[in-house]
Structure formats: C-alpha cells, structure tokens
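One-letter residues, chain by chain:
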Amino acid sequence: MARGRADGNPRKRLVTTVLVLFIVGGLVYLYSRNSGSSSSIEYTSKSLNTGEEESAVPKTIPVCDDRHSELIPCLDRNLIYQTRLKLDLTLMEHYERHCPMPERRYNCLIPPPPGYKIPIKWPKSRDQVWRANIPHTHLATEKSDQNWMVVKGEKIVFPGGGTHFHRGADKYIASIANMLNFPNNNINNGGRLRNVFDVGCGVASFGGYLLSSDVMAMSLAPNDVHENQIQFALERGIPAYLGVLGTLRQPYPSRSFELAHCSRCRIDWLQRDGILLLELDRLLRPGGYFVYSSPEAYAQDEEDRRIWREMSALVGRMCWKVAAKKNQTVIWVKPLTNDCYLKREPDTQPPLCSSDDDPDAVWGIKMKACISRYSDQVHKARGSGLSPWPARLTSPPPRLADFNYSSEMFEKDMDIWQQRVSNYWKPIGNKIKHDTIRNVMDMKANLGSFAAALKDKGVWVMNVVPENGPNTLKIIYDRGLLGTLHNWCEAFSTYPRTYDLLHAWTIFSDIIEKECSVQDLLIEMDRILRPKGFIIIRDKRSVVLYIKKFLPALHWDAVTKSNVEHDSDKGEDDAVLIIQKKMWLTSESVRVSEN
C-alpha cells in the first residue's frame, strides 16, 4: 500500500517542484534588480548606436542602485578590480583615468543620497555644507588635529585649516606673500599672479581662501583613501578636479600657472629622475613659483636631510633658485629665459626635451623626464608677456598667434559671447537669484569668451576644450581662467552633482559626428548636474529638437526654446534650449518633487 501511494502522486510532486522553482526564480530576479544587475544598470549595445537606430527615444531611463550615488565612471576602482587591469600601484596608475568598455557602462540615472538638499549658496558654502549631501565624516576624524573639517549637527564646517596651516589658510597665504615681498602681503602681486596649481589639495581650503584675492586655483587630488576631498571642494563651490601625478601629463597646457603649491602632499618628488617635478616645471610660467611646505624643508633627522639635499640638487640642475625659505616652507622660482639651461655642463641631468616635443600635447601623453625649454619668442620676451589681472581677461594674449588669430578676431569673439550670454539670462532671470549658480562648465569653451562674459555673475567656470581640436586651452589660461581637455565620448573626471550650469555649444553635433551616443552624453550630463541646475544647449535646430524628446525620460524641464537668427560666424541657423533638472528622489521608483 505504501508503495502504491508513492507511485500514485507523481503529479503532486511535479506541481510542488514547479512551485518551488518558480518562487526561487522570482527571488533571484528580485535580488538581481535590487543589487543593480547588468540588466538594469549596464549599457546595452543599442545605446551606443547613432543615427536611425538611436531615433527610438526611451520613455523612461532606469535609476541606478543607491550604492552608485557617487559613481565616477572613469575613476571607478571597482572597475579596475573587476577587469583585473595590470597597473603599477607604485606609479599611481590605479588613480588615473580608466574608462569602462561599452558593455560595462551604466545606462541609468545617478540618484542623490538619502536626505539630499539643495547645496548651501556661495559664499557661505566655502565654510559649510550639508552633511547629507556628502555623508562621509572620516576626514573629520582622521584630520581632527589639522582643522580640515568639523561635523556640527546637519552640517560639516570647514575652519580653513590644513596639514601645514592649522592656524588657517588665510594666514598661511599671507605668509607666502610676505616671504615673496609682494605689496601689502597680497598673494596676487598686483594682478601678476592669477593662476595657481594646488597639488594634493585636501578639501581645497587653500584654493578657497585664494579667491578673495582674485586668484584662481586648480585644486587637484586623486580619488584615493581620502576619496571625498574633491567632492567636498566642489560642494563648497571651489574649483577642483580629480587627478593624480602618476604617469600621464596633466590635462593642462605648458606655462599655465604662476604658482604651484604642495603642502605636505606626500609626493615622492625624487622618483623616476624627478619626472613629477619636471611636470610641474612644464606647467609653470617663466618666473613661476613652487611653494613647498614639508618636513624636508626644515626637519633635522637624517632621512629628511637626505631628501632635502637630493631635492635641492635636482631643482638646481633644473635652474630653479630659492626665492625664500622660512620655517616649514621653501619657495623656488623658475627662470625667465633659456640662458641657464644653455650654460649647463654637457650631459647634465635632467636633459632638455627634444626640439620636436610639443609641451602642449597632453591628452593621454606620458610624462617626460626632461625640461621643456621656452620658445624663442618667450625667451626674448623674458616672460609670458601677459597683462595683470583683470586686464588679462580681455587683452589679446600673445599665444593667439599660435592659431593665426588676430586681435580683431579675439575681440569679435568676446562681443558675440557677451551678447549670447545676455540673451541666455533673459529667460532664466526669473528662475535664479544672484547666488543660485556657482559652479559652471562650458563644455566646448573655444577661447573662453563665454566664461569671460560671466565675470560679474559670481561664478567660476570649468572651461573644457575637445582633445582632438585646436588646443585653445592655452588661450584660456592666458586669460586667467581655468579649464581642461576632455573627450565627451567618455565620462568627465568629477563626482555626481557638482555643477550648477552646463553650457553645451555644438557638443551634440560633435558627438554625432564622432559616432558616439547622444543618450550616453545626456546621462553623463545628468550625472554631473546638481538638482535644480540648468543646461543651455546651443546647436542645430534639428539636433535641439531631437534632444528635447529625451526630457521626460531624464526628468528635465524645458525652460525655453528659441530659434536664433543666422550668425555671421556660422554656416547654419542655431536653436537654443534651456533646461532645468528636477529634484527627484528614489525608492523603488522615481518620485518627482515639485519643491
């Protein structure tokens, strides 16, 4: 009988098995969705197509898992581990850009962290940010003795301290100006010092306090163990960029900065025949300064003294001289001409770069352990020939000649963008207050005249120049502005939610011509734009109409769209579309807030 009952219920056992498999399969599916599986967050090959295949505009774009709220696609260390890239950790290669292959990219919108608030406005933001926006307090604990930052209730406060300036960045900056005998202890030296490169910047208090002296710093730090330092800097409204002195040249032209700064930045400047110091040398203008605050400059133990001797010998062979030395800080100055280089003994190391080396070629170019000599023109001029700030912004710089641009062309470009910016502001004027916008990006900056037209708006501009076109970035730096090279087929080196306004002039036409994905770029723009931030798209009318179709899926609002009369400098009519990003929150789905 027992055997008969067992043989008589195969159907029940089959039904039970199917039910169990169905339930297990459902649980696996739900888990895969909640954990951000490839089906919900990775790009498919379709998203990389252009033209007719991409004309099917999505009705919705999925939202990434909350764990991706701080994703930087080309600086994602998880990607490096997963793809097992063979990188030299001693050379900091793992902190350099490594962008995901198409099949590993994300096709989802980056969510804000829980409790995210519209950032505190400048200038208050220099000293405080919302804790919920960057929910990381490890630096406050780790650097508690150095006065970097302090947690106070819902806010994180920045007292202005640093590893080598506990008493405040303002006093430290004044002491540097005093060491250099600048008038009134003002670091801008009568407008002659404008652009600064701050290496290993921490939370960028040095750069933040320079701004009151009309000095702009490109604050640089990697996405390393102190991974949120640049995120704090940008949240505060201070110019900053994610990068590292590793194996590649920095994405800035030669002779971009009047001063480079390293305050206990823990960089081995003697490595690889001084290649990192030689990269700073490439970036410094004639007569530029390197401010070095570190134990090697003053400590008396044998190891520090050894490093000091070797570093002093190295910079001596590079023709740098000590401009001042006091307490913890030494300041070296770069020569104005090639005279010292030409007087060196034969075979002196480091050598001069070969005559065919282009010191302005930087995108994906390896650093070189050689000295970039000045051109004959700069050598004869005994300096950069730049006007003091603020006249520098509107004066035709000498390097215009590198592009065969005349002063008249430069001035016409300024007039055009002055008028365009004025026209942009008319439709958004009722949506912004004087302090609504702080961090601005010009995605295709050309000569920097868009940024120049914003001079009185209380903003700073990251001027981006395409990596495959004329390197007009050196004109931008000569005007006293900041910027970088970039390829918009890839993600930008910044945290999510770091810019208040993006200006996209013909960028989408460029992307289509390169056969890259328009949808990819839109998702990237959404990633770096703050909630309630603005996008100004100026492009062909057909392109603008196509972009407008994506707005519902991106949770963007069209502020205004207008056709532009035929420009004398363009062969086709333009249209302008101004967009505002909505403030939305996530749970299982997107909830749009009208606050």
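Rules used in this analysis
Residues numbered from 1 in each chain as written. Predicted model: local features only at pLDDT ≥ 70, side-chain atom pairs only at ≥ 80, totals over all residues. Heavy atoms only, no water. Disulfide = S-S within 2.5 Å. Helix = DSSP H or I, 4+ residues; strand = E, 2+ residues; numbered from the N terminus. Buried < 20%, exposed > 50% of the residue type's maximum accessible area, 1.4 Å probe, protein only. Pairing = 2+ DSSP bridges. Axes fitted to C-alpha atoms, helices over the stretch in contact; angles between N-to-C directions. Salt bridge = Lys/Arg side-chain N within 4 Å of Asp/Glu carboxyl O.

## Thoughts on the state of the cysteines
Among covalent bonds in proteins, the disulfide is the one between the sulfur atoms of two cysteines.
Okay, so step 1: As enumerated under the stated definition, the model contains 6 disulfides in all.
Okay, so step 2: Two residues share a disulfide in this structure: Cys64 and Cys108, whose sulfurs sit 1.9 Å from each other. In this structure the cystine formed by Cys64 and Cys108 twists about its S-S bond by roughly 90°; its chirality is therefore right-handed. With Cys64 in the loop between helix H3 (38-41) and helix H4 (77-83) and Cys108 in the loop between H4 and strand E1 (128-130), this pair connects stretches of sequence that are 44 residues apart. The burial state of Cys64 is the same as that of Cys108; both residues are buried.
Okay, so step 3: Cys319 shares a disulfide with Cys340; S-S distance 2.1 Å. Measuring the twist about the S-S bond at about -85°, one finds the Cys319-Cys340 disulfide to be left-handed. You can see Cys319 sitting in the loop between helix H10 (302-317) and strand E9 (321-326) and its partner Cys340 sitting in helix H11 (residues 339-343), a full 21 residues away along the chain.
Okay, so step 4: A relative accessible area of 5% means that Cys319 is categorised as buried.

## Re the sheet that holds E1
Okay, so step 1: Sheet architecture is open: 3 strands sit in the order E1-E3-E2, paired in antiparallel fashion. The open sheet terminates on both sides in strands that have one partner only, identified here as E1 and strand E2 (150-152). Each adjacent strand pair in this sheet contributes to an overall mean axis angle of 30°, direction not counted.
Okay, so step 2: Bridge count between E1 and strand E3 (residues 155-157): 3 bridges; the pairing is antiparallel. Each bridged residue has a counterpart across the sheet, and for Gln128 the counterpart in E3 is Val157.

## Quick word on the pairing of strand E14 (residues 499-505)
Okay, so step 1: In terms of burial, E14 is a largely internal element, 7 of the 7 residues being buried.
Okay, so step 2: Here strand E11 (residues 439-442) pairs with E14 via 3 bridges, running parallel. From the neighbouring strand, Val440 faces E14, where its bridge partner is Leu501.
Okay, so step 3: The sheet contact formed by E14 and strand E15 (residues 529-540) spans 6 bridges and is parallel. Of the residues in E15, the one forming a bridge with His503 is Ile536.

## Quick word on the pattern of salt bridges
Okay, so step 1: Taken as a whole and assessed by the stated rule, the structure comprises 27 salt bridges.
Okay, so step 2: In this structure, Arg105 and Asp520 form a salt bridge, with 3.4 Å as the shortest nitrogen-oxygen distance. In this pair, Arg105 sits in the loop between H4 and E1 while Asp520 sits in helix H18 (residues 518-528), placing the two residues 415 residues apart along the sequence.
Okay, so step 3: The closest approach of N and O atoms between Glu524 and Arg527, which form a salt bridge, is 2.8 Å. Of the two residues, Glu524 and Arg527 are both situated in helix H18; the distance of 3 residues between them amounts to about one turn of the helix.
Okay, so step 4: By relative accessible area, which is 7% here, Glu524 ends up buried.
Okay, so step 5: Classification of Arg527 by relative accessible area gives buried; the value is 3%.
Okay, so step 6: One network of salt bridges, in which partners are shared, links Glu258, Arg285, Arg392, Arg399 and Asp478.

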